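Residue strings, one per chain:
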Amino acid sequence: MKKVLEVKDLSVKIGEEKILTSINLSAYQGRVLGIIGESGSGKTMLCQAIMQSLPSIAQITHGEIFYQQQDLLKLSAAQLRAYRGRHLSIIMQNPSAAFDHIQTIERHFRETLKAHFVMTKNEIRQLAIESMSKVNLPNPEQLLHYYPFQLSGGMLQRVMIALSLAIQASIYIADEPTTALDTVNQKQVLTLFDRIRLETEAAILLVTHDLGVIAELADDVAVMYKGEIIEQANVYDFFDAPQHAYTKKLLQSRITF
Amino acid sequence: MTLLKVKNIEKHYAHRPFIFKRKLAAPALQKVTFSLQEGECLGIVGQSGSGKSTLGRIILGIERPTDGEILFQGVNLYDTTSQQKKLIRRDLQAVFQNSYHSFNPKQTIFQILEEPLLNFEHFSKTERQHKVKELLNCVELESKIAEKYPSQISGGQQQRVNIARALALHPKLIILDEAISSLDMILQKHIIQLLQTLQKDLKLAYIFISHDLQATSFISDRILVMQDGQLVEEIKKDEAFKHPASLELYNAILPCHPRERTNNNTSY
């Protein structure tokens, strides 16, 4: 297994308050690392720290983030741009807030791809259609002319994934990608992630508060609680032999019928 | 006793409200008919866009149906005096998904919980303080939270304040529109248990609207499945789903354990 992302001893503070405390994580090619925790446990902060899009009041006080052999924290803003959005792609919780509603879907593809590649309009269009059909969006040619507000949340989330597919990202950071979707769409998006990691061998960081999502897709699980990772395990061990008291409580909270 | 009767509700939204052309779009609701007993918990499930929230809003009187009638304790909600309507409002409460947006951010939790009491009850200040404390207690919140503003408390606490506000006037029916969908799992379970206890203690009826079949089955006595604005199936507790729309929702339930994965093509 090839390690693509490694977070070493990462700490983040806002003022004097510790937001993340010595986080250690590794993401491997073709594997899904699930990060589970309740609201306020620092999951989103961790994603933002990896993407280095933390709010300006937050500071990384300690640690390293390696993408392959490169420490992302040591890069200048310009150097970082070559990685962010090209190798590391983020998929956020609220797809409709992540799009610009006065630009067509085609413009979104054009903007993203032009930032990283030299491509003609036609090539971009072809690639957009190709990646949108890979994520099972109906009529991709027509969709290019649509505006984000004309699409449903589930469709937008798939367009978002298609964008990441088009730039061939090697790490997908998916921050609660299905929380805003209904269950049927959620299932479709999760199935899609499963296919992507098999076909493209990308590493997926799947942040969620839902044990069902973990059970469906994750290979490894990290449990976050109050800014710390309190337990890391293979998904089977996580469900069968939880170590930490909080993990046990989490597993008991599952609603079954 | 029948608490609520929904008869042949239709709702159309004008597709293009253009001056000369008023096309009718596909109806948001079509011939929706059901009834609800006192103290019953009725679940309404369906995918986004199936019309479940519109139905909830029509029962609450936020939107007028294009056709059909709603009888709450025998009184037609859309054909009654404003005096009577006010009385119905008292017995009919709602909790929505986004709790923060249903508060006035400039009011403290105390003011939020006090408002329905000021509108409907003739309580003195001390009585109101006492009642607010009691309500917070009821949803397992500390009474010192009353001095805070909605932005200062967590999502789970906000949702509990919302439930407390809905309980303030001892309603007969609470409509829970995706009330727990935005909460994390530990809180979801907690709030569901809280709702069940309150239902028993206060003999409440709920309409639990959600896209999550699992949570809905857990709390409901009966489930209605909606698709494209129509009721397609009615299921009693522990009955099997038959309609394709219900099965689609059923199949989208995520596994409890990685062993039960459906698309398991990962090898170990």
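Model, not experiment: these values are computed from the prediction.

### Concerning the overall build of chain B
So, step 1. From N to C terminus, chain B includes eight helices and 10 strands.
So, step 2. For 268 residues, the compact-globule estimate of 2.2 N^0.38 gives 18 Å, and the C-alpha radius of gyration of chain B, at 20 Å, lies within 12% of that figure.
So, step 3. For chain B, the spread of C-alpha atoms along the three principal axes comes to 60 × 60 × 40 Å.
So, step 4. Looking at chain B as a whole, 50% of its 268 residues are labelled buried.
So, step 5. Counting only contacts in chain B whose residues sit at least 6 apart along the sequence, the fraction spanning at least 24 positions is 68%.
So, step 6. Carbon and sulfur atoms make up 49% of the accessible area of chain B, which amounts to about 13300 Å² in all.

### Concerning the interface of chain A and chain B
So, step 1. Contacts between the two partners involve 40 residues from chain A, matched on the other side by 34 residues from chain B.
So, step 2. Counting the surface lost from both chain A and chain B, the interface buries some 3400 Å², and carbon and sulfur atoms represent 57% of this.
So, step 3. The tally of links from chain A across to chain B stands at one salt bridge.
So, step 4. Asp-240 of chain A is paired through a salt bridge with Arg-259 of chain B; the nearest N and O atoms lie 3.7 Å apart.
So, step 5. Taken together, the links from chain A to chain B amount to seven residue pairs in polar contact (both at pLDDT 80 or more).
So, step 6. Mapped by element, the contributors of at least two residues to the side of chain A that touches chain B are helix H8 (183-199), helix H9 (211-217), helix H10 (235-240) and helix H11 (245-252) of chain A.
So, step 7. With 10 residues, the top contributor of residues to the side of chain A that touches chain B is H8 of chain A.
So, step 8. Its residues placed into classes, the side of chain A that touches chain B shows 17 nonpolar, 11 polar and 12 charged.

### A word on the confidence of the model for chain B
So, step 1. Across chain B, the average pLDDT comes to 87, with 93% of residues at 70 or higher.
So, step 2. Every residue in residues 264-268 of chain B scores below 50 in pLDDT, and together they form 14 contacts with partners more than four places removed in sequence or on other chains.

### Things to note about the pairing of strand E1 (residues 3-14) of chain A
One face of the sheet, then the other: side chains in a regular strand alternate in exactly this way.
All names here are of chain A.
So, step 1. Where E1 and strand E2 (residues 17-28) come together, eight bridges link them in antiparallel fashion. Bridging across to E2, Lys-13 finds its partner in Lys-18.
So, step 2. Where E1 lies against strand E4 (residues 58-67), eight bridges are found, and the strand directions are antiparallel. Each residue of the ladder has a partner; that of Ser-11, found in E4, is His-62.

### Considerations on empty space enclosed by the protein
Where empty space is left becomes clear once a probe the size of a water molecule has been rolled over the atoms.
All names here are of chain B.
So, step 1. Scanning all chains against the criterion turns up one cavity of 30 Å³ or more.
So, step 2. In this structure, the largest cavity occupies an estimated 60 Å³ of space.
So, step 3. The wall of the largest cavity is formed by Leu-60, Gly-61, Leu-77, Tyr-78, Lys-85, Ile-88, Arg-89 and Leu-92.
So, step 4. A per-element tally of the lining of the largest cavity places helix H2 (residues 82-91) first, with three residues.
So, step 5. Of the residues contributing to the lining of the largest cavity, the split by class is five nonpolar, one polar and two charged.

### Description of helix H5 (residues 155-167) of chain B
All names here are of chain B.
So, step 1. Across its 13 residues, H5 extends 18 Å between first and last C-alpha, which sits within 8% of the 18 Å expected from 1.5 Å per residue.
So, step 2. The complete set of buried residues in H5 reads Gly-156, Gln-158, Gln-159, Arg-160, Val-161, Asn-162, Ile-163, Ala-164, Arg-165, Ala-166 and Leu-167.
So, step 3. If you follow the buried residues of H5, they end up packed against strand E6 (92-95), helix H3 (109-120), helix H4 (125-138), strand E7 (173-177) and helix H6 (185-202).

### Quick word on the pairing of E6 of chain B
Residue and element names in this part refer to chain B.
So, step 1. Burial along E6 is two-sided: Leu-92 and Ala-94 and Gln-93 and Val-95, pointing in opposite directions, are all buried.
So, step 2. The pairing of E6 with E7 spans four bridges and is classified as parallel. Bridge pairing in E7 links Leu-92 to Leu-173.

### Quick look at the nonpolar core
So, step 1. Within the largest apolar cluster, 57 residues are counted, with the highest numbers of intra-cluster contacts made by Phe-109, Met-132, Tyr-172, Phe-193 and Phe-238 of chain A.
So, step 2. In terms of residue count, the dominant contributor to this core is helix H7 (residues 153-166) of chain A (nine residues).
So, step 3. Ignoring sequence-local partners within four residues, the contact set of Phe-238 of chain A consists of Ile-36, Leu-211, Ile-214, Val-221, Val-223, Ala-233, Thr-247 and Leu-251 of chain A.
So, step 4. Counting 40 residues, the second-largest nonpolar core is a separate cluster that includes Ile-145, Ala-166, Ala-168 and Leu-194 of chain B.

### Overview of the layout of surface pockets
Residues and elements named next belong to chain A.
So, step 1. Volume-wise, the second largest pocket comes out at about 630 Å³.
So, step 2. Around the second largest pocket, the lining comprises 20 residues; the ones closest to its centre are Arg-84, Gly-85, Ile-90, Thr-112 and His-116.
So, step 3. A per-element tally of the lining of the second largest pocket places helix H4 (residues 105-116) first, with five residues.
So, step 4. Taken together, the residues of the lining of the second largest pocket break down into 10 nonpolar, six polar and four charged.

### Here we look at unusual backbone geometry
So, step 1. Its identity is not glycine, yet Asn-136 of chain A carries a phi of approximately 60 degrees, on the positive side.
So, step 2. With respect to the helices and strands, the residue Asn-136 of chain A is situated in the loop between helix H5 (121-134) and helix H6 (140-143).
So, step 3. A positive phi angle is found at Asn-8 of chain B, which is not glycine, with a value near 45 degrees.
So, step 4. Position of Asn-8 of chain B relative to the elements: it lies in strand E1 (residues 2-11).

Procedures and definitions
- Residues numbered from 1 in each chain as written.
- Chains lettered and ligands numbered in written order.
- Predicted model: local features only at pLDDT ≥ 70, side-chain atom pairs only at ≥ 80, totals over all residues.
- Heavy atoms only, no water.
- Helix = DSSP H or I, 4+ residues; strand = E, 2+ residues; numbered from the N terminus.
- Rg over C-alpha atoms; globule rule 2.2 N^0.38 Å.
- Buried < 20%, exposed > 50% of the residue type's maximum accessible area, 1.4 Å probe, protein only.
- Contact = heavy atoms within 4.5 Å.
- Areas by Shrake-Rupley, 256 points an atom, 1.4 Å probe, with all protein chains shown as cover.
- Buried area = accessible area lost by both parts, 1.4 Å probe.
- Salt bridge = Lys/Arg side-chain N within 4 Å of Asp/Glu carboxyl O.
- Polar contact = N/O pair within 3.5 Å; in protein donor to acceptor, adjacent residues only side chain to side chain.
- Nonpolar A, V, L, I, M, F, W, Y, C, P; charged D, E, K, R; others polar.
- pLDDT = per-residue confidence, 0-100.
- Pairing = 2+ DSSP bridges.
- 1 Å grid on protein atoms, 1.4 Å probe; cavity = no way out; pocket = protein on both sides within 12 Å on 5 of 7 lines; lining within 4 Å.
- Points joined across faces, edges and corners; volume = space filled by probe spheres on them.
- Expected span 1.5 Å × (residues − 1).
- Core = buried A, V, L, I, M, F, W, Y, C linked by side-chain atoms within 4.5 Å.

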